[in-house]
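Listed here are the chains, written in short residue letters.
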Amino acid sequence: MAGKLTEMPAWQALAAHHRGCGGANGFNLSRLFAADPQRVQTFSARCGDVLLDFSKQLLNPNTLHLLLNLARDRDMANAITHLFSGAAVNVSENRPALHTALRAQTPVPLDGHDVTTDVRRERDRMRAFVETVRGEHKITDIIHIGIGGSYLGPAFAGDALLAYAEKPLRVHYLSTVDGGVLQQLLTRLDARATLVIVATKTFTTAETLVNARAVLGWLAAQLGGEQAALAQFAAITARPEQAVSFGIPRDRVFEVWDWVGGRYSMCSAMALPLALQVGMAPFDALLAGARAADEHFKTTEFGQNIPVLLALLDVWNANFHDAASRVVLPYLSGFARFPAYLQQLEMESLGKRVTRGGAPVDYDTGLVAWGESGTNGQHAFHQLLHQGTRLVPAEFIIACRARHDYPGFHDMLLANALAQAEALMLGNAASEPHRTYPGNRPSTLLVLPEADAFHLGFLIALYEHKVYAASVILDINAFDQWGVELGKQLAGRLLPELAPHAPVGPHDASTAALIHYIRTHGRS
Ligand code: F6P
C-alpha cells in the first residue's frame, strides 16, 4: 500500500483533473446541480437507515471516480482486513488497534489467544457492577476522574443518551487540574452516596493522579479513613497492578488492554460511567450500532462506504481546496460535547507530519476539527463560514426525530441545519458588498433516523473508521500520539521551578521571564 502518495498515478490523475477543471474555482455547486439532476443520487451513500449526502461538496463525478481510484490504489481493502485481523497497524509501537474486537461476536485471535474472551469477561464484570450499584440505590453521584480518551467518549455519550435512561445517576467528570471545579464539586456531594472512578489506561497521567489523590483525601476525611474511602473507588486501566497499589480493591478494577488506543476505547470498560449513568441496556445497544458500522466498513464497496467517503472528502478538501479545518455541526439534542470528542479522535490520530515509514510528508494530513452543537454556532462563528476569506467545509449531523416532548424544537433544529447548508452553497447576491454571500461553500449532511444508543454507537465507529481510512490514504499512523509527550516532560521539569525560591533551570528567555513574573505576582 505504501509508495509516496504524491507520486502515485492515482494522486497525479487527481491533481491533473483539479488543474483541468480550473483549480479550486472550477467547481461551482450551482452549475454542477443545474447540469446534473441526479447529483444527489450520485453523491450520497446509505447504510440501513443512515444517509450521507455529500452532493454539496466541491466535486464532480470524475473527481469522485478518481478519489475512489486513490482509495483502491492505496490498497484500502487490505488495510481494512489488517485492522480487523489484529495486524500491528500501530507501527511505531508495534501493536494492533483492535477496538473492533470490543464489539465483535466472533473470535479475534491475537498471539494465539481469542481477545474477545477477555472483552466478554470484563463486560460481564462491568454488567454485574452496574446492576449492583444501580440496583442498591445507595449511590447517587459518580465522580469520574480521567482525561482525553479516558473521559471524552463516556462524557459525550452520557449527555447524548440521557433521554434514553431510566433513573439516571449523576456523573461529574474531573479531567484537567481545576482546583476551583474540584472545590465546588466536593462541597455539593454527599460522600456516602458518591462512587469514584479513576480511569487511566497507563495509570501515569499526572492530572488524573493528582485529582484522584485529592478526591481520596476528601473522601477519607468524610468517611473516617482511607480504607473506607477506597472501598468507594473503582478503576479502569490497562495497569491493574498500579490501581491495586493505589489501594483500589481488585474486584473493582476493570481492565482495558494495550491493543486498544485510549481514544478508541469507548466500547470497552472505559464506558463504565456511561453504563452506570444510563444503564447497561443502552450500552448494549451502542455496541450493536458500532458493530453495524464495522460490518458496513468491512463489506461495502467504497462508492457507498461512508467512512471511506468521509476520509476522501477530507483529503480532497485539505489538499485541493486549501481547507485548513472542517467544522462539525451536530444539530442534535445532547451533543454539546461531541466536537471535543471528535477533536481528540481525529487530531491525535491524523495530526502527523511523517509517513508510517518515517519520511516527511509533502501533502496536508489532518484537518483541524472543531465545532459546536447547532444552533449555537449560528450566533457565534457562522459569520466566518458564510462571509470569511477561509474555506471551511462543514459537516452537519442531524436526526429525523428526537426523543423529547417538544417536537417543535426538533423541527426548528432541522430547519436551521438545512437552511445553513443551503445558504453556504447558494449564497446571495446583494447590491451592498457587506450583504453579499459568495456561496459555493461545501458541506456534508449525515442524517440519522434518531440519535438513540444504536445510532450513537454507529456514529462513533463510523468516525473511528473514517480516521483509519484517512490514515491509510495519507500513509500515516493513526494510533500513536508522540506529539503529546514533550509538553508533559517539560511541565514535569518546570513545576518545581514555580516555587518561590527554587532554582530555575535553563529555559528560553521568554519562559524564564514568565517563571520569574509568576513567582513575583503569583503568591498573595
Ligand atoms: O496525553 C495524551 C493521552 O495519552 C491520550 O492519548 C489519552 O487518551 C490520555 O492521554 C489519557 O491517558 P490515560 O488513559 O493513560 O490516562
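Look up: the structure comes first, before these words.
In this report, we go over the structure that sits alongside the text. Numbering of residues starts from 1 in each chain and follows the order in which that chain's sequence is written. Residue-level local features of this predicted model are given only where pLDDT is at least 70; pairs of side-chain atoms are given and counted only at 80 or more, and the full residue set underlies all totals for whole chains, interfaces and linings. Side-chain calculation: all heavy atoms of the structure are included, whereas hydrogens and water are not.

1. As for the pairing of strand E12 (residues 394-401)
Residue exposure (1.4 Å probe, protein chains only): buried if accessible area is under 20% of the type maximum, exposed if over 50%, otherwise partly exposed. Secondary structure elements follow DSSP: runs of H or I no shorter than four residues count as helices, runs of E no shorter than two count as strands, and numbering proceeds from the N terminus. Across the 8 residues of E12, 6 count as buried, placing the element largely inside the fold. Any two strands with at least two DSSP-identified bridges between them are counted as paired. Bridge analysis of strand E10 (residues 325-330) against E12 gives 4 bridges, and the strand direction is parallel. Paired with Val327 across the bridge in E12 is Ala394. Pairing of E12 with strand E13 (residues 443-450) involves 7 bridges; the strand directions are parallel. For Ala394, the partnering residue across the bridge sits in E13 and is Ser443.

2. Focus: helix H1 (residues 9-20)
Expected helix span is taken as 1.5 Å per residue step, with the number of steps being one fewer than the number of residues. Compared with an ideal rise of 1.5 Å per residue, which puts 12 residues at 16 Å, H1 spans 16 Å between its outermost C-alpha atoms and is within 8% of the ideal. Along H1, the residues classified as buried are Ala10, Trp11, Leu14, Ala15, His17 and His18. Projected down its long axis, H1 carries its buried residues within an arc of 160°, all on one side. Pointing more than 90 degrees away from the buried face of H1 are the exposed residues Pro9, Arg19 and Gly20. The contact criterion used is simple: two residues touch if any of their non-hydrogen atoms lie within 4.5 Å. Tucked into the core, H1 has its buried residues touching helix H4 (61-73) and helix H14 (306-320). Just past H1, the residue Gly22 takes up positive phi, approximately 100°. Throughout, the arc means the angular range of directions from the helix axis out to the C-beta atoms.

3. As for a nonpolar patch on the surface
A cluster of nonpolar side chains, contributed by Leu514, Tyr517 and Ile518, occupies part of the molecular surface with about 320 Å² of accessible area. Summarising the element assignment, Ile518 is placed in helix H20 (residues 509-521). A residue counts toward a patch only above 30% relative accessible area and without a salt bridge, and it is joined to like-charged neighbours within 9 Å or, for Val, Leu, Ile, Met, Phe, Trp and Tyr, to nonpolar neighbours within 5 Å. Here the open area of atoms and residues is found with the Shrake-Rupley method and a 1.4 Å probe, where only the protein chains shown may cover a residue. Here, a salt bridge means any side-chain nitrogen of Lys or Arg that lies within 4 Å of a carboxyl oxygen of Asp or Glu.

4. Notes on the pairing of E13
For a regular strand, side-chain orientation follows a simple rule: the groups alternate between the two sheet faces. In terms of residue burial, E13 counts as a mostly covered element, since 8 of its 8 residues are buried. Two strands pair when backbone bridges link them, and strand E2 (residues 50-53) and E13 are joined in this way by 3 bridges, in the antiparallel orientation. Bridge pairing in E13 links Leu51 to Val447. We call a crossover right-handed when, viewed with the strands running away from us, the connection from the first strand over the helix to the second turns clockwise. Handedness of the crossover joining E12 and E13 through helix H17 (residues 407-426) is recorded here as right-handed.

5. So, the packing of aromatic side chains
The description of an aromatic ring pair rests on the distance of the ring centres and on the angle between the ring planes. Each Phe, Tyr or Trp ring, with Trp reduced to its six-membered ring, pairs with another whose centre is within 6.5 Å; inter-plane angles below 30 degrees give stacked pairs, above 60 give edge-to-face pairs, and intermediate values give tilted ones. Applying the stated criterion to the full structure yields 22 aromatic pairs. Taking 6.2 Å as the distance between ring centres and 35° as the angle between the ring planes, the aromatic pair formed by Phe233 and Phe246 counts as tilted. With Phe233 in strand E8 (residues 233-237) and Phe246 in helix H11 (residues 240-246), this pair connects stretches of sequence that are 13 residues apart. Judged by its relative accessible area of 16%, Phe246 is buried. Between Phe338 and Tyr341, the aromatic rings sit 6.2 Å apart at their centres with planes inclined by 35°, giving tilted as the arrangement. Taken together, the positions of Phe338 and Tyr341, both in helix H15 (residues 338-350) and 3 residues apart, correspond to about one turn of that helix. Here Phe338 matches Tyr341 in class, with each residue buried. By the ring-pair criterion, three or more aromatic residues cluster together here, those being Trp11, Phe27, Trp316, Phe320 and Tyr363.

6. Considerations on the nonpolar core
Each nonpolar core is a collection of buried residues, namely Ala, Val, Leu, Ile, Met, Phe, Trp, Tyr and Cys, held together in the definition by side-chain atoms within 4.5 Å. In this structure, Met126, Trp259, Leu276 and Phe338 are the most contacted members of the largest nonpolar core, which totals 133 residues. Looking at this core, the element that brings in the most residues is helix H18 (residues 453-474), giving 15 residues. The start and end points of each domain follow an automatic or database-based domain assignment. Structurally, this core is a two-domain feature, drawing no fewer than three residues from each of domain 1 (5-96 + 287-481) and domain 2 (99-284). Residue contacts for Met126: discarding those within four places in its chain leaves Phe254, Ser268, Ala269, Ala271, Leu272, Ala275, Met280 and Phe283. Counting residues in each nonpolar core, the second largest holds 27 residues, with Ile145, Leu189, Val198 and Val215 among its members.

7. Quick notes on the packing of H1 against H14
Working convention: axes come from line fits to C-alpha atoms, limited for helices to the stretch in contact. Angles between N-to-C directions cover 0 to 180 degrees. Packing of H1 against H14 leaves a shortest axis separation of 12 Å and a crossing angle of 55°. Overall, the two elements H1 and H14 adopt an arrangement that is oblique. Where H1 crosses over H14, the handedness of that crossing is right-handed. Note on element contacts: H14 touches H1 through Val315, Trp316, Asn319 and Phe320, opposite Trp11, Leu14, Ala15, His17 and His18. If an angle is under 35 degrees, it is roughly parallel; if it is over 145, roughly antiparallel; if it lies from 65 to 115, roughly perpendicular; otherwise it is oblique. Handedness of each helix crossing follows the sense of rotation of the near helix against the far helix: counterclockwise by less than a right angle gives left-handed, clockwise gives right-handed.

8. Focus on the site of the ligand
The near set for a molecule or strand comprises every residue that places at least one heavy atom within 4 Å of it. Taken together, 13 residues lie near the ligand, and Gly149, Ser150, Thr200, Thr202 and Thr205 sit nearest. A distance of 2.8 Å separates an oxygen atom of the ligand from a polar atom in the backbone of Lys201. In isolation the ligand exposes 400 Å². Once the protein is present, 88% of that is buried. Classification used: nonpolar for Ala, Val, Leu, Ile, Met, Phe, Trp, Tyr, Cys and Pro, charged for Asp, Glu, Lys and Arg, polar for all others including Gly. Considered class by class, the residues forming the shell around the ligand number 2 nonpolar, 8 polar and 3 charged. Split by domain, the shell around the ligand shows at least three residues from each of two domains, domain 1 (5-96 + 287-481) and domain 2 (99-284). Any N or O atom pair separated by 3.5 Å or less is treated as a polar contact, with the protein-specific requirement of one donor-capable and one acceptor-capable atom, and with residues adjacent in sequence counted only for side-chain atom pairs.

9. So, the pattern of salt bridges
Counted according to the given criterion, the structure contains 26 salt bridges. Close ionic contact of Glu464 with Arg103 constitutes a salt bridge, the shortest N to O distance being 2.9 Å. Of the two residues, Glu464 is situated in helix H18 and Arg103 in the loop between helix H5 (76-85) and strand E3 (109-110); the sequence distance between them amounts to 361 residues. Take Glu464: its relative accessible area is 0%, and that puts it in the buried class. Since its relative accessible area comes to 1%, Arg103 is described here as buried. Lys466 is the salt-bridge partner of Asp314, the closest N and O atoms lying 2.7 Å from each other. One end of the pair, Asp314, is in helix H14; the other, Lys466, is in helix H18, with 152 residues separating them in the sequence. Take Asp314 and Lys466: they sit in the same class, and that class is buried. Taken together, the salt bridges that share partners define one network made up of Asp118, Arg121, Glu122, Arg125, Arg250 and Glu255.

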